[in-house]
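Structural description and commentary
Each chain, letter by letter, is given below.
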Amino acid sequence: MMKRIYGIFFLIFLLLLTGCENNKKTLYYIQKEDSVADGSVTLEVFAWEEEEENLRILSEAFMKENADISINMNILPASEYSQQMMGIKKGMRTGDVVLFSNVSEPVVWIEKDVLQDLAPWLENTEECYETWYQGEDEKYISYMRPYRKSKWAVYYNKDLFDQRGIPYPQNGWTWSDYAQTAERLTGQVGLNRIYGSLSYAPDNKWWRVPARTAGANNPLNEKELQLFMEAAKWCYELTYDLEAQVPYKDRTGNSGISGEEIFLEGNTGMFFSGDWSAAILNQLILEKKLNISYDIAPMPRWEEEPFYSISDAAVVAMTTSTAHKDEAYAFIQFIAGAEGAALLAQRGYIPAWNSEKIRKLYLDSMAQPEHLEYFFVEGEVSSVPANMGYAEAIDIMEDEIAFYLLQEQDLQKCMDNIRAALKFLDTQECNTQECNTQECMDEKE
């Protein structure tokens, strides 16, 4: 019998200088299989850190059905994806399959001919997806397949609501209702300060979520940029005018503490997040033996604006350089199809595969929160677009808004700086996802 040992060993520890003023070093690792080559095909699969457990479970199930294929997991910080992809492009390392957290991330690598068009295989593939792709056109759609969807809701501490006699949030509520509810929940209880809403580190992306419920995703679009500014203003007022969440400067430096962990301390009334937070909360409650009751409510909407349901797809792609294209596609089809979807649903993650059977598996996957169906509130889909320049535009906007949330510059100054930077970005041919690579430096010279 062919034996394959699926190893989880730290093989490579790479210390990189971050370039920060404090000159700290960043540690990351790549997991390698501890086995001797036995003649079977080994696929090198890349994923970001938070996706490690999902990939492990999917890989183990796939290997049970495919005795002649091994999966070697390469787990990376999201910040290291560009370096690894450039290594694949230059032939400095082997890569067969790559997982991305949203549809915008593969675009630059499609343009650089690093990723394979899957069209020849898709002709004979049956699929069952809801809307998962947004972009200026559909030229990138055949290079990636969705395997997991993120859907959003408001998580709330039922115990705090009950103690204050505040009704639970209901479908159809607005962002004004959210702010008012957060204000009512806020107060001093003994030695504990209760905040109605959870804030994040100022460089976090969560502040822009309210704008996404109005359909804003791409700051390169002026109308959407205006909606992002409204969301930033809403977060600012919730923090400093209503004092209903911890000031952003107090969150600086504690980005290593997850929102789920803060919520489970019991001093926060609400926070908005994706479906993955339910799985994380339940795991933490189990591990720490906590006695806390929570549920979810539909995302609020803006008054007099159409409601958009936030839903981003995590996708999987094949490299052009793989020597095992059929095997790589077999793995892609497995994790993006019904079998992989069932595994994800049972773990409490929403798959991209959208059959009634899979939906039921997900809804039956956990006892808490009670109203998992609120993740599926109908509305036009609001998704990250598959556009060149999107990631750079988001980074520009978020850098400036961080200063605003820290009260270091006003909103108008933010807008002026963002517009100037976006205009400059539009004139550049070099994508900043590769600007730290030697190839990009060579092109500039």
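One structure accompanies this document, and this report is about it. All values reported here derive from a predicted model rather than from experimental measurement.

Description of the overall build of the protein
A count of helical and extended segments in the protein gives 17 helices and 12 strands. When each of the 445 residues of the protein is scored for burial, the buried share is 54%. When contacts within the protein are restricted to residue pairs at least 6 apart in sequence, long-range pairs at least 24 apart make up 74% of them.

Here we look at the packing of aromatic side chains
Taken as a whole and assessed by the stated rule, the structure comprises 29 aromatic pairs. Relative to Y168, the ring of Y156 has its centre 5.3 Å away and its plane inclined at 40°; by these criteria the two rings are tilted. Separated by 12 residues along the polypeptide, Y156 in strand β6 (residues 145-157) and Y168 in the loop between α5 (158-164) and α6 (175-185) bring together distant segments of the chain. What makes Y156 buried here is its relative accessible area of 2%. Between Y362 and F376, the aromatic rings sit 6.0 Å apart at their centres with planes inclined by 75°, giving edge-to-face as the arrangement. Placement of the pair is Y362 in helix α14 (residues 356-363) and F376 in the loop between α14 and β12 (380-382), with a sequence separation of 14 residues. Here Y362 falls in the buried class, since its relative accessible area comes to 1%. Judged by relative accessible area, F376 falls into the buried class, the value being 17%.

Digging into the environment of N192
Assignment of secondary structure puts N192 in strand β8 (residues 192-197). Exposure remark for N192: the relative accessible area of 40% places this residue in the partly exposed category. Linking N192 and N267, residues 75 residues apart in sequence, is a C-alpha distance of 7.3 Å. Not counting residues within four places of it along the chain, the set of residues in contact with N192 comprises G187 and N267.

A closer look at unusual backbone geometry
Looking along the chain, the bond that leaves Q368 and enters P369 is cis, with omega of 5°. In this fold, P369 is placed in the loop between α14 and β12. You will see that K289, though not glycine, has its phi angle at about 55°, which is positive. Mapped onto the secondary structure, K289 falls in the loop between α11 (276-288) and β10 (294-297). For K289, a relative accessible area of 75% gives the class exposed. At Q407, a residue that is not glycine, the phi angle is positive and equals roughly 65°. Relative to the helices and strands, Q407 is located in the loop between α15 (390-405) and α16 (411-426). What makes Q407 partly exposed here is its relative accessible area of 44%.

Rules and cut-offs
Residues numbered from 1 in each chain as written. Predicted model: local features only at pLDDT ≥ 70, side-chain atom pairs only at ≥ 80, totals over all residues. Heavy atoms only, no water. Helix = DSSP H or I, 4+ residues; strand = E, 2+ residues; numbered from the N terminus. Buried < 20%, exposed > 50% of the residue type's maximum accessible area, 1.4 Å probe, protein only. Contact = heavy atoms within 4.5 Å. Phe/Tyr/Trp six-rings, centres within 6.5 Å; stacked < 30°, edge-to-face > 60°.

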